[in-house]
Amino acid sequence: MAIMALQFSTAKNGEKTCSLDNVFIHSKYNPSQEAKNWIFNLKVDFVPKNIIVLGACIPYCTTFLHERFPNAQIILFQYDKVFESFSDNENFVSFFISKSTDDVTICEALFDYLGEEDANRTFVISYFPSEKAFPEQFQLAQNGVQKYIKKSIDVIGTRVYFSKKWFYNSLRFFKNLKNTAFYPQKCNQKILIAASGPTLKDSLPYIKKFRDNFFLLSVSSATKVLLEASILPDSVITTDGGFWAKKHLDILKNHKEIPLICSTESALPYFAFDMNIVPIEYSDFFQKMLFEKSGVHSIHLERNGTVTGCAINFALNFTDNEIYTVGMDLEKTKGFIHTMPNNLEILDSLKDNRLCTTEKRITKSNVFSQSLEVYKNYFSTMDKKYAQRIKRLCTKSNVLPQLGFIKTELWSDFECQNKSEQKTSLKNLTIQTTEKNCYTNIINYLSEITLKIEKTQYNESGITDIEISEFFKIFALPQFLNYQKFKMEKDFFATKEKTLTELKKIAENYVDE
């Protein structure tokens, strides 16, 4: 089969045009007029912040997109590298899509570039002639954009469901915080992260054997397994804000000497505040505000949808040496998703009976859980320079799925390479007693914000005050996104009313005692 090649020629009006297999992609008479007609006949019922053009080819459309939507960012998906020569322009951003490009990669690239909130204000158009000229690339691009929109909707849904919970967890965190701790400097030792996948069980003898070769960091769901195997982790990390997540920490009631690395949003049992806590500060506005007002020392990590991801982020920041994981399986199994014993599994098992058996429950959990796929995609698309520092340890070959640039190593190979190596210490914590006024400072700040929002008036151009926008996102995200998209007065007042209602609840119920 002959390979079709792009051919460039001059249109009747003197502009460049192109064809593929003698079929013109742009007009052979007046390409710019063709683009203008296309753009000005688009039906758009909102003012987009971003416009994605699938298969723009020679980007005549960008001039008219900027003319019609002067404040919009233009993002072009190009299906052939030859069009990159037309993309050297500060007025738009280009992504190249080849036949080998994966739609998950497209999704993650868009998510990293735009984030979840911008999906609501992004208008997607496809240049029809390029769909026929490059059908495979078009399908990949379309699927990638659809996955990005779906992922954004899922993330927004999670934020809507949990944002208030996270906020109240954070207030509770600062209200009850006693002692904070932090590691004063980076180390040069290996870090082993214990996650709770089924293969953790087979790794327990090796973790015991090489315990002195690692700083052992346990995610909350793996901690019970380690302690009941008489393996004491150097630290435990938890970031989950869900109510039941704190059940994973129950085992620490008799091990309060272990430092606890946690986000302010984490669901913590009360005894956890008697431990030395290493607070995690994310990079978003709300987190910065809390730590700034409280004066509490923290470690800075990127927000992550998985506790293991946060643990890896911690390790990447705190050692220049290799990072290993165990139990990071991310694979559906016929049995339990987690290594036993697992506190949540124990609680779930209390509901098992002859009609609703244990086997039915765990099968349903494996089949319908989408979280494993989400986590797998996250680690599979991790930046190469970070992923190459991470290795998954296991006892058997070919039992774990490939995760991008993250390699898998057998414990037997690790043993050969590390027979004489001994651990250096990362245990030197600096302990600080929390100031009594740290929580009061936060409450006083929230009172000031409440007054500021009460005075805020509707603006058809949108909210320009970042501080107010952030509080709108916490308490009234769906209404706020609608206001951003359509600039309607009713959406503004719905956003304002809901935010003030929640802030007044805080004033009534979360005052300092």
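In this report, the structure presented in the accompanying data block is examined. (Residues numbered from 1 in each chain as written. Predicted model: local features only at pLDDT ≥ 70, side-chain atom pairs only at ≥ 80, totals over all residues. Heavy atoms only, no water.)

### Examining the overall build of the protein chain
- The helix and strand inventory of the protein chain stands at 17 helices and 18 strands.
- For the protein chain, the proportion of its 513 residues judged to be buried stands at 50%.
- When the accessible surface of the protein chain is totalled, it reaches about 25,500 Å², and 51% of it is carbon and sulfur. (Helix = DSSP H or I, 4+ residues; strand = E, 2+ residues; numbered from the N terminus. Buried < 20%, exposed > 50% of the residue type's maximum accessible area, 1.4 Å probe, protein only. Areas by Shrake-Rupley, 256 points an atom, 1.4 Å probe, with all protein chains shown as cover.)

### Focus on the sheet that holds strand β2 (residues 16-20)
- Reading across from one edge, β1-β2-β3 is the order of the three strands in this open sheet, with antiparallel pairing throughout. Looking along the sheet, the strands with just one partner apiece sit at the ends: β1 (6-10) and β3 (23-24). (Pairing = 2+ DSSP bridges.)

### Re the sheet that holds strand β4 (residues 50-54)
- Taken together, four strands build an open sheet; the order of strands is β6-β5-β4-β7 and the sheet is parallel. The open sheet terminates on both sides in strands that have one partner only, identified here as β6 (92-96) and β7 (122-126). Taking each pair of neighbouring strands and ignoring which way they run, the sheet shows an average axis angle of 20°.
- Here β4 runs beside β7; their pairing, made up of five bridges, is parallel. Bridge pairing links I51 to F123 in β7.
- The strands that helix α2 (residues 61-68) touches are β4, β5 (73-78), β6 and β7; relative to β5, the one it contacts most, it runs at about 155°.
- Across the face of the sheet, helix α3 (residues 103-114) comes into contact with β4, β5, β6 and β7 while running at roughly 165° to β5. (Axes fitted to C-alpha atoms, helices over the stretch in contact; angles between N-to-C directions. Contact = heavy atoms within 4.5 Å.)

### As for the pattern of salt bridges
- Scanning the entire structure with this criterion turns up 24 salt bridges.
- Among the salt bridges present, the one from D154 reaches K150, with a minimum N-O distance of 3.1 Å. Placement of both D154 and K150 in helix α5 (residues 135-176) is noted, with a separation of four residues, approximately one turn of the helix.
- Relative accessible area serves as the criterion here: at 46%, K150 is assigned to the partly exposed category.
- The partner of E322 in a salt bridge is K391, and the shortest N-O contact between them spans 3.2 Å. Linking E322 in the loop between α9 (307-318) and β15 (323-326) with K391 in strand β16 (residues 390-394), this pair joins segments that are 69 residues apart in sequence.
- The exposure class assigned to K391 is buried, which follows from its relative accessible area of 18%.
- A single salt-bridge network, built from bridges that share partners, covers E116, E117, R159, E470 and K473. (Salt bridge = Lys/Arg side-chain N within 4 Å of Asp/Glu carboxyl O.)

### Some points on the environment of L330
- The topology assignment puts L330 in the loop between β15 and α10 (343-349).
- Residue class for L330 comes out buried when judged on its relative accessible area of 10%.

### Remarks on unusual backbone geometry
- Unusually for a residue other than glycine, N22 sits at a positive phi of about 70°.
- With a phi close to 65°, S230 is a non-glycine residue in the positive phi region.
- Along the chain, the position of S230 falls in the loop between α7 (220-228) and β11 (235-238).
- For S230, a relative accessible area of 64% translates into the label exposed.

### Section: a nonpolar patch on the surface
- There is a patch of nonpolar side chains on the surface, built from V124, I149 and I153 and spanning about 220 Å² of accessible area.
- On the basis of relative accessibility, which here comes to 32%, the residue I149 falls in the partly exposed class. (Patch = residues over 30% accessible without salt bridge, like charges linked within 9 Å, V, L, I, M, F, W, Y side chains within 5 Å.)

### A short note on the packing of helix α1 (residues 31-40) against α2
- Where α1 contacts α2, the two axes come as close as 8 Å, and the packing angle between them is 40°. Overall, the two elements α1 and α2 adopt an arrangement that is oblique. Handedness of the crossing formed by α1 with α2: right-handed. Contacts between α1 and α2 involve S32, A35, K36, W38, I39 and F40 from the first element and C61, F64, L65, E67 and R68 from the second.
- Split by residue class, the contact of α1 with α2 holds seven nonpolar, one polar and three charged. (Parallel < 35°, antiparallel > 145°, perpendicular 65-115°, else oblique. Left-handed = near helix turned anticlockwise from the far one by under 90°. Nonpolar A, V, L, I, M, F, W, Y, C, P; charged D, E, K, R; others polar.)

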